[in-house]
Amino acid sequence: MLPLCSSSSMAANSSLTLPTNSFLTLHHPLTSSLNISSSSSSSSLSSTKFNSQFLGLKLSHSSSSITASSLKRSLVFAKVSKGSKPPAFTLKDQDGKTVSLSKYKGKPVVVYFYPADETPGCTKQACAFRDSYEKFKKAGAEVVGISGDDTASHKAFAKKYKLPYTLLSDEGNKVRKEWGVPGDFFGSLPGRETYVIDKNGVVQLVYNNQFQPEKHIDETLKLLQSL
């Protein structure tokens, strides 16, 4: 019997209070209700609150330490987009073996970046990929998960949840940065982003959703089945 993934809700009454007189209006995947505006790059962010659903994390900020200039520096915009060829990489998998992106040339591959092993959302996502793995194989695709955890962490994670696919260790988040994977909470947390790459090495889908990890599986399968 496969181990059960965490089914506890990630909903939390988390709130972030931001200071007044800010710089710009920001539309971020976290929430459509966060509005930020400002009159100068050195002024602090406008007072507002928003609810999040990230691993029960509660955030609050009432000081002026987050400035508009530091916010602008923290934002990351995706470099890899639909129709592009992503940067090559060579990383170690959960067994310490070296794996290169070029290994998957000639077949579709789903590469998903996730924040960390054993967190509730990442566990749900990993298990959802596991449970649909036969469908990915039927579509001729491989699945590869990437996070900044080391190989030992990946090995324990894969063993505990019987994950049948490759997990790669991107210690230092070098590949994440090269691909331009957007962060969450103004870049303070690693983002959750999935790429579908076709047999010619071209990206056909980029999907980002931090709070509904299972939707990464639905969206990627839908795309793969249409190729």
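> I'd like a rundown of the environment of Lys 215, residues and numbers included.
Relative to the assigned elements, Lys 215 resides in helix 6 (residues 215–226). By relative accessible area, which is 29% here, Lys 215 ends up partly exposed. Here the alpha-carbon distance between Lys 215 and Gln 125, two residues 90 residues apart in the chain, equals 8.6 Å. Apart from residues lying up to four places away in sequence, Lys 215 is in contact with Tyr 207 and Asn 209.

> Could you give an account of the pairing of strand 8 (residues 193–197), with specific residues and numbers?
Where burial is concerned, most of strand 8 is hidden: 5 out of the 5 residues are buried. The alternating pattern of strand 8 places Glu 193, Tyr 195 and Ile 197 on one face and Thr 194 and Val 196 on the opposite face, and all of these are buried. Bridge count between strand 5 (residues 109–113) and strand 8: 5 bridges; the pairing is antiparallel. The partner of Val 111 across the bridge, within strand 8, is Tyr 195. Looking at chain direction, strand 8 and strand 9 (residues 203–208) are connected through 5 bridges and run antiparallel. Along strand 9, the bridge assignment pairs Tyr 195 with Val 206. Taking the residues that link successive antiparallel strands as the turn, the strand 8-strand 9 hairpin has 5 residues, and the phi of Gly 201 there is positive, at about 85°.

> Give a detailed account of the packing of aromatic side chains, specifying residues and quantitative values.
This model, assessed by the stated rule, comprises 12 aromatic pairs. Relative to Tyr 114, the ring of Tyr 112 lies with its centre 5.4 Å away and its plane at 35°, an arrangement referred to as tilted. Between the aromatic rings of Phe 129 and Phe 136, the centroid separation amounts to 5.5 Å while the plane-to-plane angle is 40°, which identifies the pairing as tilted. On the basis of relative accessible area, Phe 136 is assigned to the buried category, the value being 0%. Taken together, the aromatic side chains of Tyr 112, Tyr 114, Phe 129, Tyr 133, Phe 136, Phe 157, Tyr 161 and Tyr 165 make up a single cluster linked through ring pairs.

Conventions and cut-offs
- Residues numbered from 1 in each chain as written.
- Predicted model: local features only at pLDDT ≥ 70, side-chain atom pairs only at ≥ 80, totals over all residues.
- Heavy atoms only, no water.
- Helix = DSSP H or I, 4+ residues; strand = E, 2+ residues; numbered from the N terminus.
- Buried < 20%, exposed > 50% of the residue type's maximum accessible area, 1.4 Å probe, protein only.
- Contact = heavy atoms within 4.5 Å.
- Pairing = 2+ DSSP bridges.
- Phe/Tyr/Trp six-rings, centres within 6.5 Å; stacked < 30°, edge-to-face > 60°.

As far as function goes, none of this settles anything; it's purely spatial.
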